[in-house]
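Summary of structural features
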Number of protein chains: 2
Amino acid sequence: MATARPRVQGHAGPSMQDVADAAGVSVGTVSNVLNHPAKVSPATAERVREAIGRLGFVRNDAARSLVSGSTNSIGMVLADIENSLFIDMAHGAQDAARAVGQNLLLANTACDMTLQDDYLDLFDESRVTGVLLAPMEESSAGIARIRSHGRQVVLLNYAPKPGTCCSVLVNNEHVGYLAARHLIDTGRTRLAYVVAHDDYQPVRDRRRGVRAAVEEAGPDVSLEEIDSVGLTTVHGHTVGQDLARRAPGDLPDGLVAVTDELANAIIHELHTVAGIRVPDRIAVVGCENNRTAGTAAVPLTAVDMPGRMMGREAIRLLMDEVASDGRHRHATVVLEPELIVRASAPS
Amino acid sequence: MATARPRVQGHAGPSMQDVADAAGVSVGTVSNVLNHPAKVSPATAERVREAIGRLGFVRNDAARSLVSGSTNSIGMVLADIENSLFIDMAHGAQDAARAVGQNLLLANTACDMTLQDDYLDLFDESRVTGVLLAPMEESSAGIARIRSHGRQVVLLNYAPKPGTCCSVLVNNEHVGYLAARHLIDTGRTRLAYVVAHDDYQPVRDRRRGVRAAVEEAGPDVSLEEIDSVGLTTVHGHTVGQDLARRAPGDLPDGLVAVTDELANAIIHELHTVAGIRVPDRIAVVGCENNRTAGTAAVPLTAVDMPGRMMGREAIRLLMDEVASDGRHRHATVVLEPELIVRASAPS
DNA sequence: CAACCTGATTAAAGCGCATCAATCAGGGGG
DNA sequence: CCCCCTGATTGATGCGCTTTAATCAGGTTG
């Protein structure tokens, strides 16, 4: 056995030099075995591979990307990993990234903008191929920062400031429209729209769609907008309890909730707790078609967001932009939602 | 403006040298401003920081970790990002990692062992601080490989080969025991255990617990083990349909499903489709307490797995091992599950 | 036999940063 | 006036790899 080179602490593991020594070749040849096997004679390659196996050599990705100036990884920053829409986007992106030889690294911000900025910076410093960002809130500052360093970003499910980056969106106005329209088409006339965080662009868009459908229906259909404190289950319970306390005549007969969580919680309070039957007394539609929608106590009619496809499209846009060394025009891909009819608002 | 240094294509962005030139100092000083601010006089530091901002300098993490031989990131490989247990583990790990100044990078293998190995190797090559692995199947080959390179691994929710690495487990035998015991305690006598993939260690352990509870109950309680093809919803539907076709006398009156998905799908076929009331005719218990358990058509009684805490513990073990330069003894943390009683098997 | 070509291999030059010994400036004490 | 001490700064070195030009061995051709 060859004697080991002296090493400072912390720098464990054999290097290419060690492999080269063991195989009786130069480092350049070892590198070629790994990256351009065609350039190396079969016999030498075999000898090198044997040495690699014997020494347990692991290529140092830091050195590799230091030289090449780039990596093989795409970073994806997700605002809420608990939401199945985001999971779907990650899944679609994963598949597409893999197909183009890139690894997808996920980071969860749990809706914390500080964490989001940290992860954007981390990916920036890591020189990833590009970044996919699926935020909850306006994030143009962070995007601008890393874009100014030349790092490519594709925004998911949130409209960017015009011309700042590529994005993949769902036609959220149509989401709201489809939801309200379904209720109107099935004979509901006193609609309610439960909403919170009107400062989030997707939320705003959905509201516009709901309003459009109601206006289109003429004076026979009314719309009440109910402000919730937040978008999650706890807030839905509050809204549901408030509704349950109303005089029967004041109750809407059709309700659109801006998130599935809100919808399910409201149904729980009305239907299960207060005995106000869904959909008989009031039909409910959600706006995400989360994983839970189909298995809920009252299966939820919801407008489906095509998360998988969004992820795939985002990777496509990103790789397009990365490839186009020269001029690149930012693009926005808008995918259409689809209504999934279930028991909470049958046809 | 100083003239830009000539640059080969691909190596965009200002380097420390550029910053140093702009601020009229040496690279060493710029490095110190970033890493040891106390060593630099306030005036110089300010000048350097100004230059950093003006040039849009971004530290190159590859070079950084090439020198230091390590990174600031922990890699977490998850078998199934769709399962809320894994999400919970990621969440807990994230919080704990952040508390010790590490970034958590997530990777989803979608139960694909090839992908799992790829990500393990990626993290290995990236010289991450350590790796958290929450696999679906036996993974000792991959673990052994990267451990042999000196990379630390903590295994989550899957027992390692003795002495090979640290791990955080749930007492899965007790999971099965609690589930079966609850049915027995509430008067059920003809139990069934629906199971698949007996080659997965957690699945095996749960079975042992179920059997133990039944044996403990004596001859008045019987146990039938029903083999499912798989662990997911489609397989549950099949099992449910088979059960629904049985003669009423042949039906068990209590059922433990090894996953929540199986449980919910079985309840759907029995209760909703076939009209065999749950829990009246048959009580059902799940073994994970997934996010959907509480909101299902029939809220699911399930044994809860403490995912958040598992994630936190895993980070703790990992950092312990990383810190202990000298001798380290692998540890296994076993967390106890807890029964959550809901409508599908009331008390 | 010289000139030339081809394929395999090598030696050397960095990539951008952290680190550390060496240097420098500026007092204060003797 | 010289020496030493302190704090700030510098310059040089090397981390492990990829890449490129240079070298070499072994044919082939004129």
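Residues numbered from 1 in each chain as written. Chains lettered and ligands numbered in written order. Predicted model: local features only at pLDDT ≥ 70, side-chain atom pairs only at ≥ 80, totals over all residues. Heavy atoms only, no water.

Regarding the overall build of chain A
Per the secondary structure count, chain A includes 12 helices and 12 strands. Its C-alpha atoms give chain A a radius of gyration of 27 Å, more than 25% over the compact-globule value 20 Å for 347 residues. Taking the principal axes of the C-alpha coordinates as reference, chain A spans close to 90 × 45 × 35 Å. A buried classification covers 52% of the 347 residues belonging to chain A. Counting contacts in chain A only where the partners sit at least 6 residues apart, residues at least 24 apart contribute 70% of the total. Of the roughly 14700 Å² of accessible surface on chain A, 51% is carried by carbon and sulfur atoms. Charge centroids of chain A, computed over 33 positive and 43 negative side chains, lie 7 Å from each other. (Helix = DSSP H or I, 4+ residues; strand = E, 2+ residues; numbered from the N terminus. Rg over C-alpha atoms; globule rule 2.2 N^0.38 Å. Buried < 20%, exposed > 50% of the residue type's maximum accessible area, 1.4 Å probe, protein only. Contact = heavy atoms within 4.5 Å. Areas by Shrake-Rupley, 256 points an atom, 1.4 Å probe, with all protein chains shown as cover. Lys, Arg positive; Asp, Glu negative; His and termini not counted. Charge placed at Lys NZ, Arg CZ, Asp CG, Glu CD.)

Thoughts on the protein's contact with DNA strand C
In the vicinity of DNA strand C, 26 residues are found, and the nearest of them are A:Thr29, A:Thr44, B:Met16, B:Ser31 and B:Arg64. Near the protein, within 4 Å, the atoms of DNA strand C are sugar or phosphate in 76% of cases. A distance of 3.1 Å separates a phosphate oxygen of DNA strand C from a polar atom in the backbone of A:Ser41. Within the residue set of the surface near DNA strand C, elements represented by two or more residues are helix H4 (61–68) of chain A together with helix H2 (27–35) and helix H4 (61–68) of chain B. A per-element tally of the surface near DNA strand C places H4(B) first, with 4 residues. When its residues are assigned to classes, the surface near DNA strand C shows 10 nonpolar, 12 polar and 4 charged. (Near = heavy atom within 4 Å. Polar contact = N/O pair within 3.5 Å; in protein donor to acceptor, adjacent residues only side chain to side chain. Nonpolar A, V, L, I, M, F, W, Y, C, P; charged D, E, K, R; others polar.)

Here's the deal with the domain arrangement of chain A
Assigned domains within chain A: domain 1 (16–59), domain 2 (72–171 + 307–335) and domain 3 (172–305). Each of domain 1 of chain A and domain 3 of chain A has a C-alpha centre, and the two are 63 Å apart. (Domains from an automatic or database assignment.)

Things to note about the pairing of strand S2 (residues 103–108) of chain A
All names here are of chain A. The element S2 is largely enclosed, with a buried count of 6 among its 6 residues. Residue alternation in S2 divides its side chains into two sets, Asn-103, Leu-105 and Ala-107 and Leu-104, Leu-106 and Asn-108, and both sets are buried. Across 6 bridges, strand S1 (residues 73–78) lies against S2 in parallel orientation. Along S2, the bridge assignment pairs Ser-73 with Asn-103. (Pairing = 2+ DSSP bridges.)

What to know about the interface of chain B and chain A
The interface of chain B with chain A comprises 44 residues on the first partner and 44 residues on the second. Between chain B and chain A, a total of about 4100 Å² is buried, with carbon and sulfur atoms accounting for 52% of that surface. There are 8 salt bridges connecting chain B and chain A. Secondary-structure elements contributing two or more residues to the side of chain B that touches chain A are H4, helix H5 (84–99), strand S2 (103–108) and helix H6 (113–125) of chain B. Each residue belonging to the side of chain B that touches chain A can be placed in one class, and the counts come to 17 nonpolar, 16 polar and 11 charged. (Buried area = accessible area lost by both parts, 1.4 Å probe. Salt bridge = Lys/Arg side-chain N within 4 Å of Asp/Glu carboxyl O.)

Some words on the sheet that holds strand S10 (residues 301–304) of chain A
All names here are of chain A. Strand order in the open sheet formed by 6 strands is S7-S6-S8-S9-S10-S12, and the pairing between neighbours is mixed. Sheet topology places strand S7 (222–227) and strand S12 (338–340) at the edges, where each strand pairs with a single neighbour. Within this sheet the neighbouring strands show an average axis-to-axis angle of 20°, counted without direction. Bridge count for strand S8 (residues 254–257) against strand S9 (residues 283–286) is 3 bridges, and the pairing is parallel. Considered in S9, the bridge of Gly-254 is made with Ala-283. Of the strands in this sheet, strand S6 (190–195), S7 and S8 are in contact with helix H9 (residues 201–217), which crosses S6 at around 175°. (Axes fitted to C-alpha atoms, helices over the stretch in contact; angles between N-to-C directions.)

Focus on the state of the cysteines
If you walk through the whole model with that rule in mind, you get 0 disulfides over all chains. Summary of cysteine pairing: A:Cys111 is not part of a disulfide, and the nearest cysteine sulfur, belonging to A:Cys287, is at 18 Å. Looking at B:Cys166, it has no disulfide partner, and the nearest cysteine sulfur is the one in B:Cys165, 7.0 Å off. Assessed through its relative accessible area of 0%, B:Cys166 is described here as buried. (Disulfide = S-S within 2.5 Å.)

Some remarks on the environment of B:Thr295
Locating B:Thr295 in the fold gives a position in the loop between strand S9 (283–286) and strand S10 (301–304). On the accessibility criterion, B:Thr295 (37% relative accessible area) is partly exposed. If we skip the residues at most four places from it in the chain, B:Thr295 touches A:Thr295, A:Ala296 and A:Ala297.

Regarding the pattern of salt bridges
The full count for this structure, using the stated rule, is 42 salt bridges over all chains. Between B:Arg54 and B:Glu50 there is a salt bridge whose closest N-O contact spans 2.9 Å. Remark: B:Glu50 and B:Arg54 occur in helix H3 (residues 42–55); sequence separation between them is 4 residues, near one turn of the helix. B:Asp320 is the partner of B:Arg316 in a salt bridge, and the nearest nitrogen-oxygen pair spans 3.7 Å. Placement of both B:Arg316 and B:Asp320 in helix H12 (residues 307–323) is noted, with a separation of 4 residues, approximately one turn of the helix. What makes B:Arg316 partly exposed here is its relative accessible area of 40%. Overlapping salt bridges bring together A:Glu82, B:Asp88, B:Arg291 and B:Arg308 as one network.

Points about the protein's contact with DNA strand D
A:Met16, A:Ser31, A:Arg64, B:Thr29 and B:Thr44 are the nearest of the 26 residues found near DNA strand D. Those atoms of DNA strand D that come within 4 Å of the protein belong to sugar or phosphate at a rate of 73%. For DNA strand D, a phosphate oxygen lies 3.3 Å from a polar atom in the backbone of A:Asn60. At 2.7 Å from a phosphate oxygen of DNA strand D is found a side-chain nitrogen or oxygen belonging to B:Thr29. Broken down by secondary-structure element, the contributors of at least two residues to the surface near DNA strand D are helix H2 (27–35) and H4 of chain A together with H4 of chain B.

Describing the packing of aromatic side chains
Working definition: an aromatic ring pair is given by the centre-to-centre distance plus the angle between the planes. All names here are of chain A. Applying the stated criterion to the full structure yields 2 aromatic pairs over all chains. Ring centres 6.5 Å apart and planes at 35° place the aromatic pair Tyr-119 and Phe-123 in the tilted group. Here Tyr-119 pairs with Phe-123, and both are found in helix H6 (residues 113–125), just 4 residues apart, close to one helical turn. The same class applies to Tyr-119 as to Phe-123, namely buried. (Phe/Tyr/Trp six-rings, centres within 6.5 Å; stacked < 30°, edge-to-face > 60°.)

Side note on the sheet that holds strand S6 (residues 190–195) of chain B
Think of a sheet as strands paired side by side through backbone hydrogen bonds, with each pair either parallel or antiparallel. Residues and elements named next belong to chain B. Pairing in this open sheet of 6 strands is mixed, and the strands run S7-S6-S8-S9-S10-S12 from one edge to the other. Of all strands in the sheet, those with a lone pairing partner are strand S7 (222–227) and strand S12 (338–340), marking the two edges. Pairs of neighbouring strands in the sheet enclose a mean axial angle of 20°, with direction left out of account. Strands in contact with helix H11 (residues 260–273) are S6, strand S8 (254–257), S9 and S10; relative to S9, the strand with the most contacts, it is inclined by about 155°.

Here's the deal with unusual backbone geometry
Residue A:Pro279 follows A:Val278 across a cis peptide bond; omega there is 10°. In this structure, A:Pro279 sits in the loop between helix H11 (260–273) and S9. Notably, B:Arg127 is not glycine yet its phi reads approximately 55°, a positive angle. Inspection of the secondary structure puts B:Arg127 in the loop between H6 and strand S3 (130–134). Overall, the relative accessible area of 15% leaves B:Arg127 in the buried class. A positive phi angle, near 65°, is found at B:Asn157, a position not held by glycine. Turning to its location among the elements, B:Asn157 is positioned in the loop between strand S4 (153–156) and strand S5 (166–170).

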